[in-house]
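Analysis of the macromolecular model
Residue strings, one per chain:
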Amino acid sequence: MKVLRSMLVMVLIGLSQVGIAAATGNPDTGPGCGLGKLAWSDFKRQKDIAPQILMATTNGTFWSQTFGISFGTSGCTNDGKLWAEHKTEFFVAATFDNLAGDMARGQGEHLSALAVLLGVPGDHQAEFFLFVQERYRELESQGGNSTGALIKALDEAMLRHPVFAKMSQAD
């Protein structure tokens, strides 16, 4: 349900941007920023379909636009704000493989960052790391390769823990 709601919000935001662009004219010269924009910026006619396809394909292949927007690189800028309710989801999606490894080991920078995003205070992080490591196989089997399922499984496990239940982001 959350995914459907998120997609609906993104579609509505996108449609509102199309309306604004149509009303004010479209000064855009292609897919914004990212490696694709940098690599194909020498085309004289940026609004032609060929350079735009090359830019978008390059950005999509290397995820450089998403990374650039998130971290302010590759000619992208951001105001540093993410929708608060989605920051954990964005983080888990972007670091899924590294985070899974940290969870299995019970330590690492990705697991530390997840603890901060979930609101685990510093004095409880060692306990959180052990908690996640002990339940890694359970979380992995419930979460599989799905970001949303992993977060849900972790939230449910935290709800059953006397200390972490208070910190859980469950709705």
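Keep in mind it's a predicted model, so treat the numbers as computed, not measured. Residue positions are counted from 1 within each chain, in the order its sequence is given. Whole-chain, interface and lining totals are the exception, using all residues; otherwise, since this is a predicted model, local features are given only for residues with pLDDT of at least 70 and side-chain atom pairs are given and counted only at 80 or more. Note: side-chain values were computed over all heavy atoms of the structure, leaving out hydrogens and water.

Runs of E in the DSSP output that reach at least two residues are strands. Runs of H or I that reach at least four are helices, and both are numbered from the N terminus. For the protein, the helix and strand inventory stands at 10 helices and zero strands. A total of 171 residues make up the protein; the buried ones form 30% of that total. The contacts in the protein between residues at least 6 apart in sequence include a share of 49% that link residues at least 24 apart. Residue burial considers only the protein chains on display, and all accessible areas are found by Shrake-Rupley using a 1.4 Å probe. Counting every atom, the protein has about 11000 Å² of accessible surface; 61% of that belongs to carbon and sulfur. Buried residues are those whose accessible area, probed at 1.4 Å on protein chains only, stays under 20% of the maximum for their type, while exposed residues exceed 50% and partly exposed ones sit between those limits. Contacts between residues were defined by any pair of non-hydrogen atoms, one from each residue, lying within 4.5 Å.

Note on aromatic contacts: the rings of Phe and Tyr and the six-membered ring of Trp form a pair at centre separations within 6.5 Å, being stacked when their planes are under 30 degrees apart, edge-to-face when over 60 apart, and tilted otherwise. This model, assessed by the stated rule, comprises three aromatic pairs. Ring geometry for Phe131 against Phe164: centres 5.2 Å apart, planes inclined by 55°, an arrangement best described as tilted. Taken together, the residues Phe131 in helix α8 (residues 125-134) and Phe164 in the segment after α10 (147-159) connect sequence positions 33 residues apart. Taken as a pair, Phe131 and Phe164 share a single burial class, namely buried.

We now examine the side chain of His110. Within the secondary structure, His110 is located in helix α7 (residues 109-117). In this structure, His110 is in contact with Phe91, Thr95, Asn98, Leu99 and Asp102, ignoring residues within four places of it in sequence.

Now for the confidence of the model for the protein. The predictor rates its confidence in each residue with pLDDT, a number between 0 and 100. Counting all residues, the mean pLDDT for the protein is 75, and 67% of those residues have values of 70 or more. α8 holds the highest mean pLDDT among the elements of the protein, 94, whereas helix α1 (residues 2-24) holds the lowest, 53.

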